[in-house]
Amino acid sequence: MFDTLYEWFWWDRIWLPVNLTWADLEDRDGRVYAKSSHLYVTVPYAFAFLLIRYLFERWIATPLAVSVGIKQKVNVKAEDNPILEAYYTTQYRKPSQADIDGLSKKSSLSVREVERWFRRRRSQDRPGVLKKFREASWRFVFYLFAFVGGIVALYDKEWFYDTQEVWTGFPKQSMLESQYWYYILELSFYGSLLFSVAFDVKRKDFKEQIIHHLATLVLLSFSWCVNYIRIGTLVMLVHDASDVLLESAKLFNYAKWEKTCKTLFVLFAIVFMVTRLIIFPFWLIHCTWVYPVHHYPAFFGYYFFNVMLVVLLCLHIFWAYLILCMIRKFIIGSLTGDERSDNEEEEDSSPTEDESEEQRKLGNGLAVDEKEDKNGCFGCLSPPETICRSKTVY
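Predicted model only: the values in this text are computed from it and were never measured. (Residues numbered from 1 in each chain as written. Predicted model: local features only at pLDDT ≥ 70, side-chain atom pairs only at ≥ 80, totals over all residues. Heavy atoms only, no water.)

*Asks:* Looking at this structure, I do not really get the overall build of the chain. What am I missing?
*Replies:* The secondary structure content of the chain amounts to 14 helices and zero strands. Counting helices and strands in the order they occur from the N terminus, the chain gives α-α-α-α-α-α-α-α-α-α-α-α-α-α. A burial count over the chain gives 51% of its 394 residues as buried. When the accessible surface of the chain is split by element, carbon and sulfur atoms take 63% of a total near 19,200 Å². (Helix = DSSP H or I, 4+ residues; strand = E, 2+ residues; numbered from the N terminus. Buried < 20%, exposed > 50% of the residue type's maximum accessible area, 1.4 Å probe, protein only. Areas by Shrake-Rupley, 256 points an atom, 1.4 Å probe, with all protein chains shown as cover.)

*Asks:* Which parts of the structure should I look at to understand the nonpolar core?
*Replies:* Of all hydrophobic cores here, the largest spans 74 residues; its most connected members are Trp167, Phe189, Trp224, Tyr228, Ile231 and Phe280. Taken together, the elements giving at least two residues each to this core come down to helix 2 (12-15), helix 3 (42-67), helix 7 (129-154), helix 8 (177-196), helix 9 (206-225), helix 10 (229-254), helix 11 (258-289) and helix 12 (300-332). If you tally residues by element for this core, the top one is helix 12, at 12 residues. Filtering out sequence-adjacent residues up to four positions away, phenylalanine 189 remains in contact with Phe49, Trp138, Arg139, Phe142 and Tyr143. Counting residues in each nonpolar core, the second largest holds nine residues, with Ala78, Ile100, Leu103 and Phe118 among its members. (Core = buried A, V, L, I, M, F, W, Y, C linked by side-chain atoms within 4.5 Å. Contact = heavy atoms within 4.5 Å.)

*Asks:* Would you explain helix 4 (residues 82-90) in this entry?
*Replies:* For an α-helix the count is 3.6 residues per turn, leaving residues at separations of three or four pointing the same way. Three or more residues of helix 4 are buried, namely Leu84, Tyr87 and Tyr88. Looking down the long axis of helix 4, one finds its buried residues gathered within 100 degrees of arc, a one-sided arrangement. When the buried face of helix 4 is taken as reference, the exposed residues oriented beyond 90 degrees from it are Pro82, Thr89 and Thr90. (Arc of directions from axis to C-beta.)

*Asks:* Is there a simple way to think about the packing of helix 3 against helix 8 in this case?
*Replies:* The description of two packed helices rests on the angle between their axes and on the distance between the axes. Running from N to C, helix 3 and helix 8 point in directions that differ by 65 degrees, and their axes come no closer than 8 Å. Viewed along their axes, helix 3 and helix 8 adopt a mutual orientation that is roughly perpendicular. Classified by chirality, the crossing of helix 8 by helix 3 is right-handed. Two secondary-structure elements touch here, helix 3 through Thr42, Tyr45, Ala46, Phe47, Phe49, Leu50 and Arg53 and helix 8 through Trp181, Ile184, Leu185, Leu187, Ser188, Phe189, Gly191, Ser192, Phe195 and Ser196. By residue class, the composition of the contact of helix 3 with helix 8 is 11 nonpolar, five polar and one charged. (Axes fitted to C-alpha atoms, helices over the stretch in contact; angles between N-to-C directions. Parallel < 35°, antiparallel > 145°, perpendicular 65-115°, else oblique. Left-handed = near helix turned anticlockwise from the far one by under 90°. Nonpolar A, V, L, I, M, F, W, Y, C, P; charged D, E, K, R; others polar.)

*Asks:* I'm lost on a nonpolar patch on the surface in this one. Help?
*Replies:* A cluster of nonpolar side chains, namely Val266, Ile270, Val274, Ile278, Phe282, Trp283, Phe330, Ile331 and Ile332, defines an oily patch on the protein surface of about 880 Å² accessible area. Here the element with the most residues in the nonpolar patch is helix 11; it accounts for six residues. Counting through the fold element by element, valine 274 comes out in helix 11. Residue valine 274 is classed as partly exposed on the basis of its relative accessible area, which comes to 36%. (Patch = residues over 30% accessible without salt bridge, like charges linked within 9 Å, V, L, I, M, F, W, Y side chains within 5 Å. Salt bridge = Lys/Arg side-chain N within 4 Å of Asp/Glu carboxyl O.)

*Asks:* Hey, could you run me through the side chain of threonine 275 in this one?
*Replies:* You can see threonine 275 is positioned in helix 11. For threonine 275, a relative accessible area of 8% puts it in the buried group. When residues no more than four places from it in sequence are discounted, the contact partners of threonine 275 are Val238, Ala241, Ser242 and Phe280.

*Asks:* How should the pattern of salt bridges be read in this particular structure?
*Replies:* If charged atoms from side chains of opposite charge come close, those side chains can pair. Going through the model one piece at a time under the given rule, you end up with 11 salt bridges. A salt bridge links lysine 35 to aspartate 27, with the shortest nitrogen-to-oxygen separation between them at 2.8 Å. Residue classification places lysine 35 among the partly exposed positions, given a relative accessible area of 28%. A relative accessible area of 40% places aspartate 27 in the partly exposed class. The salt bridge partner of glutamate 135 is lysine 131, with a shortest N-O separation of 3.5 Å. Here glutamate 135 pairs with lysine 131, and both are found in helix 7, just four residues apart, close to one helical turn. For glutamate 135, a relative accessible area of 2% corresponds to the buried category. On the basis of relative accessibility, which here comes to 27%, the residue lysine 131 falls in the partly exposed class. Several salt bridges converge on common partners, so that one network encompasses Arg53, Glu57, Lys131, Glu135, Arg139, Asp200, Glu247 and Lys250.

*Asks:* Is there a simple way to think about the environment of tyrosine 291 in this case?
*Replies:* Topologically, tyrosine 291 is positioned in the loop between helix 11 and helix 12. Along the sequence, tyrosine 291 and glutamine 164 sit 127 residues apart, while their C-alpha atoms lie 6.7 Å from each other. In this structure, tyrosine 291 is in contact with Thr163, Gln164, Trp167 and His286, ignoring residues within four places of it in sequence.

Right, here's the structure in full:
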């Protein structure tokens, strides 16, 4: 049964144009083609990225954060209480007043003590600025190298300037070594983002980020297997362009360099709108939707690839809406956080008198003042991992 499913899944008529078979994509006559078996190497590479990220964040990002005045906050830990912990983890992080009254009776604590416990427990789960700075630093470094590498790999290719050349000779287009490493590293990086999503900073668009990462991996893998590599490299480059500016804006935001942050954010917004809402749909999707049918009849793989690109476009529109909301607040001077961030930071920003006293006792600015979570002008900006946690890219 497994063999039958395998043969059906890789049926030529599904993924390849008419009159072509997988045998046509076997290496011959000096041509080298991408193979699905190459994708297995991205799994160990993804874990290698996680290790490199850990070392980078510990030995480079953390000292850099300290040098610009970012320190690890010491949270006031909530006391162990099985009853409240069970409610917190299985029910709601912010109980209603009626639930607080009920929990007060069950735990033999006063209403005020229950409220304080939940505030402290939420504070424990809330990521600090140092964690956000380390994550943004790692993504900035990768996107910068990926974008520069993409330019180096594509600047002398004819399809970089004329998208119709993407389909010249398709699918018998020999894969270049630069294309191989560009794809493998991008796939491995997005695989590492998917693996790390459980312990990365979570925001309102968490589900959209997951969809984005999965769509990216599926698109990259599919385009690899059916030799859509030329258009794939163009899509990756377009996505990387704005991600570099986004992560750099976040870094300066966490460091409280507000003028630099605002300038970079405006540049990011412009580049995002141009690349994701103009170049991506009107050049790249147009290239994959219109030109291929000039060379061969439409087939399932053709529709599948374009539908996945449209999914990415929908995510871009969603993130563009959030960016425009931030720009509107920026213009009227009321921007205090990222539209993608939870509002809980502001709602929990006023500690009780007892908590304030305990915080003062910790001294030296290390206590948790929850107001510190309002990180400057743009709060917790992020892509999709990716704007796509924006490869926001692919």
